[in-house]
Amino acid sequence: MTARLYIPGDAAAVSVGADLTAEAVAAEARRLGQEVAIVRNGSRGLFWLEPMIEVAANGTRIAYGPVAPEDVPDLFAAGWLTGGTHPLCLGPTDSIPQLARQTRLVFARLGLDDPVSLEAYRSNGGLTGLHKALAMAPEAIIDTIDSAGLRGRGGAGFPTGIKWRTVLNAGSDRKYVVCNADEGDSGTFSDRMLMEGDPYSLIEGMLICGLAVGADTGYIYLRSEYPDAWKILQAAIAGATREGLLGDNVLGSGRRFDLHLFKGAGAYVCGEETALLESIEGKRGLVRAKPPLPALQGLFGQPTVVNNVITLASVPWILAHGGAAYAAYGCGRSRGTLPFQLAGNLKRPGLVEAPFGVSLRELLHDYGGGSASGRPIRAVQVGGPLGAYLPESRFDLPLDYEAFAAVGATVGHGGIVAFDDTVDMAGMARYAMAFCAQESCGKCTPCRIGSVRGVELLDAMLARRPQRSNDDTLLRDLCQTMLEGSLCAMGGMTPYPVLSALDNYPEDFGLAPRPVEKTA
Amino acid sequence: MPEQTHPGADPSGLLPALHRLQEEHGYIPDHAIAQLAKIHNLSQADIIGVIGFYHDFRRTPPGRSQLLICRAESCQAMGADALAGHASQRLGIAFGETTRDGAYTLEAAYCLGNCACSPAMMVNGKLLGRVSAERLDTLLDEIDQS
Ligand SMILES: Cc1cc2nc3c(=O)[nH]c(=O)nc-3n(C[C@H](O)[C@H](O)[C@H](O)COP(=O)(O)O)c2cc1C
Ligand code: SF4
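Given the structure is predicted, the values throughout are model-derived calculations rather than measurements.

How each quantity is defined
- Residues numbered from 1 in each chain as written.
- Chains lettered and ligands numbered in written order.
- Predicted model: local features only at pLDDT ≥ 70, side-chain atom pairs only at ≥ 80, totals over all residues.
- Heavy atoms only, no water.
- Pairing = 2+ DSSP bridges.
- Helix = DSSP H or I, 4+ residues; strand = E, 2+ residues; numbered from the N terminus.
- Axes fitted to C-alpha atoms, helices over the stretch in contact; angles between N-to-C directions.
- Salt bridge = Lys/Arg side-chain N within 4 Å of Asp/Glu carboxyl O.
- Buried < 20%, exposed > 50% of the residue type's maximum accessible area, 1.4 Å probe, protein only.
- Near = heavy atom within 4 Å.
- Polar contact = N/O pair within 3.5 Å; in protein donor to acceptor, adjacent residues only side chain to side chain.
- Areas by Shrake-Rupley, 256 points an atom, 1.4 Å probe, with all protein chains shown as cover.
- Domains from an automatic or database assignment.
- Phe/Tyr/Trp six-rings, centres within 6.5 Å; stacked < 30°, edge-to-face > 60°.
- Lys NZ or Arg CZ within 6 Å of the ring centre and 35° of its normal.
- Core = buried A, V, L, I, M, F, W, Y, C linked by side-chain atoms within 4.5 Å.
- Contact = heavy atoms within 4.5 Å.
- Right-handed = clockwise from strand over helix to strand, strands pointing away.
- Buried area = accessible area lost by both parts, 1.4 Å probe.
- Nonpolar A, V, L, I, M, F, W, Y, C, P; charged D, E, K, R; others polar.

### Considering the sheet that holds strand β9 (residues 304-308) of chain A
Strand pairing in a sheet relies on backbone hydrogen bonds, with the paired strands running either antiparallel or parallel.
All names here are of chain A.
Consideration 1: Pairing within the open sheet is parallel, and its four strands lie in the order β8-β7-β6-β9. Because the sheet does not close on itself, it has two edges, and the strands there are β8 (258-263) and β9. Within this sheet the neighbouring strands show an average axis-to-axis angle of 20 degrees, counted without direction.
Consideration 2: Across five bridges, strand β6 (residues 176-181) lies against β9 in parallel orientation. Bridging from a neighbouring strand, tyrosine 176 pairs with threonine 304 of β9.

Here's what the structure looks like:
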């Protein structure tokens, strides 16, 4: 009997040797005269276990990992094709504690099968949402999104239904759906995983959005750092076109939808939605002043939905299961789940889809296993390079848009980067300013000039610890100017990491330690 | 495969065209700029402005091997600065430079989306995770010998 093995083709899994392990498995099977079928699936997101191989034994998937090529002969000898015991055996995949505890709605299909097989997508619940949407009026689709309480996962948390309704009601016979797949935030990789591991869910989400707002053309703006996602999306778009999911007659409905893949060129600011539109139009990625909103005058001046990958990929689940089912998860005004990304100095980094309301401590310790170095976790940056640094006293804060905003922090795209106690927070503040100086689009002064002055100021402060001047007051002033005077969140939020570092770790700047009570 | 450009919206083809040129030559050669200006109905200054805005595009040939080391937060938390220092020292160049013999270009990336396997880097377009100084040395030895 042919044994079936799943070896992730995900770029991160391959980056730690999944291809070499796959070759070793094929070679050893040949040597033993054992017939095996190797499926290159997406990753389950348990990256400390990658390359993680699953074996389908008697209807159950048994996981082994991390599997290096040299482990392979031993695994065959241990009878892994029938789930044999071995030190690398992790038991049934579904029972791995860090996976079993998750609430996988949007990432439910991740790692199940070959990501470009539309057949596999269908048999795992795909296209149910689209079929429902095809039978619904646009208003009804948007009502469902409203009732789910879905908010944009790209960072700003803007209600998706409101954005869609604006585009629906905009008078124009040409409208666009643009997927923001620029995923520039450091510490984030959920968009990449989803596009590589379940591309049809993004395509389905964009199709449903097109039906809801009356758009027949979509663009996926994909960052150039993701060549593997590019190939998989290309294959999925080709597959969807072949099967009549995309094109003139979507699933025989008489509706049309064309989808284009567009490659970015390494500019962080092009993740900002209006800079992204400029970039598709072939220009420098300069941020546009709003109004006009892209929903009214977006791509090529036409009404345009711009949504993040995860926002759009959440849509099929919501349509399939109903808005209330989605809204049943979460807390406060943050409904549903967020795929959190655990990164940096953690023992068990990876993707954790959990309802809003989960605490940082749970994510860092119960899922993340504490620091990789074994030293105390001293600072955690949440929400990408423009996110605040949080000290241990904040670890019980629930992950919720409003709770984070209330303490001057942001959930953003759900990236969580942990640092142990060897980190120099003044250095991290300098890095934040330098990143802004490097990536500023240059349109407005507080960001373009402010960030450069910020680097100079921090260089001076770093060279002179303990501080004897009032440079910290100057730094606060500068941050205030950037906060209040910048056109977009690039300049407007760079002060978050800088000020939170200064507030929570003054001793790293050579300033007197702060009093014990909590400040933001 | 649907084409990447929007029909009827002329300049939108510029980024795809620049990507194609760079794939073919490794950089955007000067002679292509005048041509692009003509095709896209833009001035040469416009084209140069666009090339200059995006970090991906370069106007000079890169080294035969391109090393991109991630220097963003997650990788910093896992020792990327030391890795970057090691690479720089071994190659004898700073970030943004190419070795004299044209063998290597060393560049910084700000997130490769491999943050759960930090520190990360890309070698000639191939993503690597959990990169130690030793693993980098082995890799560079292999490239040196090939
Ligand atoms: C500097 C900057 C970078 C951004 N980068 C991204 C990004 O990489 N991906 C993303 O989805 N949104 C990014 N955004 C947010 C977008 O401007 C926009 O809010 C988002 O795409 C809207 O989609 P959503 O409502 O689904 O979140 C960025 C914003 C700024 C200011
Ligand atoms: S804040 Fe910075 S990135 Fe945003 S528009 Fe101003 S200069 Fe451009």
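Let us keep going from here.
### Details of unusual backbone geometry
Residue and element names in this part refer to chain A.
Consideration 1: The omega angle of the peptide bond from glutamate 50 to proline 51 is 0 degrees, so this bond is cis rather than trans.
Consideration 2: Within the secondary structure, proline 51 is located in the loop between β2 (36-39) and β3 (53-57).
Consideration 3: With omega at 0 degrees, the peptide bond leading from proline 291 into proline 292 counts as cis.
Consideration 4: Residue position: proline 292 is located in the loop between α12 (273-280) and β9.

### Observations regarding the pattern of salt bridges
Opposite charge on two side chains allows them to pair when their charged atoms are near.
Consideration 1: One pass over the structure, following the stated rule, counts 41 salt bridges over all chains.
Consideration 2: With a shortest N-O distance of 3.0 Å, A:Arg288 and A:Glu281 are connected by a salt bridge. Residues A:Arg288 and A:Glu281 agree in their burial class; the two are buried.
Consideration 3: Two residues, B:Arg58 and B:Glu107, come together in a salt bridge whose shortest N-O distance is 3.6 Å. Of this pair, B:Arg58 sits in the loop between α3 (44-53) and β1 (65-70) while B:Glu107 sits in strand β2 (residues 104-109), and the two are 49 residues apart along the sequence.
Consideration 4: Residue B:Arg58 is classed as buried on the basis of its relative accessible area of 15%.
Consideration 5: Under the relative-accessibility criterion, B:Glu107 is labelled partly exposed at 24%.

### Here's the deal with the site of ligand 1
Residue and element names in this part refer to chain A.
Consideration 1: Close to ligand 1 lie 18 residues, the nearest being Gly154, Asn180, Asn307, Asn308 and Thr311.
Consideration 2: Residue glycine 154 places a main-chain N or O atom 2.7 Å away from an oxygen atom belonging to ligand 1.
Consideration 3: Between ligand 1 and glycine 271 there is a distance of 3.2 Å, counted from a nitrogen atom to a backbone nitrogen or oxygen.
Consideration 4: Here ligand 1 loses 92% of its free accessible area of 610 Å² to cover by the protein chains.
Consideration 5: Of all elements in the fold, only β9 and α20 (489-493) reach the threshold of two or more residues within the shell around ligand 1.
Consideration 6: At three residues, the largest contribution of residues to the shell around ligand 1 is made by β9.

### A word on the domain arrangement of chain B
Consideration 1: Each assigned domain of chain B is listed with its residue range as follows: domain 1 (1-59) and domain 2 (65-145).
Consideration 2: In this structure, domain 1 of chain B and domain 2 of chain B have C-alpha centres spaced 28 Å apart.

### A closer look at the packing of aromatic side chains
Here a ring pair, both rings aromatic, is described through the centre-centre distance and the interplanar angle of the planes.
Consideration 1: For the structure shown, the criterion picks out 16 aromatic pairs over all chains.
Consideration 2: Look at A:Phe47 and A:Phe189: their rings are 5.7 Å apart centre to centre, the planes differ by 90 degrees, and that puts the pair in the edge-to-face class. Here A:Phe189 lies in the loop between β6 and α9 (190-197) and A:Phe47 lies in the loop between β2 and β3, a separation of 142 residues in the sequence. The residues A:Phe47 and A:Phe189 share a single accessibility class, namely buried.
Consideration 3: Ring geometry for A:Tyr431 versus B:Tyr110: centroids 6.3 Å apart, planes at 40 degrees, classification tilted. Taken together, the positions of A:Tyr431 in helix α17 (residues 425-439) and B:Tyr110 in the loop between β2 and β3 (121-123) put the pair across two chains.
Consideration 4: Look at A:Tyr431 and you get buried, because its relative accessible area is 11%.
Consideration 5: Judged by its relative accessible area of 27%, B:Tyr110 falls in the partly exposed class.
Consideration 6: Through a chain of ring-to-ring contacts, three or more aromatic side chains come together here, namely A:Tyr268, A:Tyr431, A:Phe435 and B:Tyr110.
Consideration 7: For A:Arg223, the ring lying beneath its charged end belongs to A:Tyr226, and the centroid distance is 4.8 Å.

### Observations concerning the nonpolar core
Proteins that are soluble and globular tend to have nonpolar side chains buried together.
Consideration 1: Counting 148 residues, the largest nonpolar core has A:Trp164, A:Leu202 and B:Tyr54 as the members making the most contacts within it.
Consideration 2: The dominant element in this core, judged by the number of residues it contributes, is helix α10 (residues 199-213) of chain A, at 10 residues.
Consideration 3: Once residues within four sequence positions are removed from consideration, A:Leu202 is found in contact with A:Cys179, A:Leu194, A:Met195, A:Ile220, A:Leu233, A:Val309, A:Leu312 and A:Ala313.

### Focus: the pairing of strand β7 (residues 217-222) of chain A
Residue and element names in this part refer to chain A.
Consideration 1: For β7, the tally of buried residues reaches six of six residues, placing the bulk of the element in the interior.
Consideration 2: Neither face of β7 is left uncovered, since the one carrying Thr217, Tyr219 and Tyr221 and the one carrying Gly218, Ile220 and Leu222 both have all their residues buried.
Consideration 3: Two strands pair when backbone bridges link them, and β6 and β7 are joined in this way by six bridges, in the parallel orientation. Considered in β7, the bridge of alanine 181 is made with leucine 222.
Consideration 4: Sheet topology places β7 next to β8; six bridges connect them, and they run parallel. Along β8, the bridge assignment pairs isoleucine 220 with leucine 261.
Consideration 5: Crossover connection from β7 via helix α11 (residues 227-242) to parallel β8: handedness right-handed.

### Examining the domain arrangement of chain A
All names here are of chain A.
Consideration 1: In terms of domains, chain A is made up of domain 1 (3-100), domain 2 (118-327), domain 3 (330-420) and domain 4 (425-509).
Consideration 2: On the side of domain 2, six residues touch domain 1, which itself brings eight residues to the contact.
Consideration 3: Carbon and sulfur atoms make up 60% of the surface buried where domain 1 meets domain 2, a total of about 450 Å² over both sides.
Consideration 4: It is Asp10, Ala11 and Phe47 in domain 1 that bury the most area against domain 2; as a group they hold 64% of the surface buried on that side.
Consideration 5: Applying the counting criterion to the domain 1 and domain 2 interface returns one salt bridge.
Consideration 6: Between arginine 192 and aspartate 10 there is a salt bridge; the shortest N-O distance is 3.0 Å.
Consideration 7: Here domain 1 and domain 2 share two residue pairs in polar contact (both at pLDDT 80 or more) between them.
Consideration 8: In terms of residue class, the side of domain 1 that touches domain 2 is made up of three nonpolar, three polar and two charged.

### Let's talk about the pairing of strand β16 (residues 415-420) of chain A
On a regular strand, each side chain points to the face opposite its neighbour's, so the side chains alternate between the two faces of the sheet.
All names here are of chain A.
Consideration 1: The buried count for β16 comes to six of six residues, which makes it a mostly enclosed element.
Consideration 2: Note: strand β12 (residues 337-344) against β16, four bridges, orientation parallel. Of the residues in β16, the one forming a bridge with leucine 342 is isoleucine 416.

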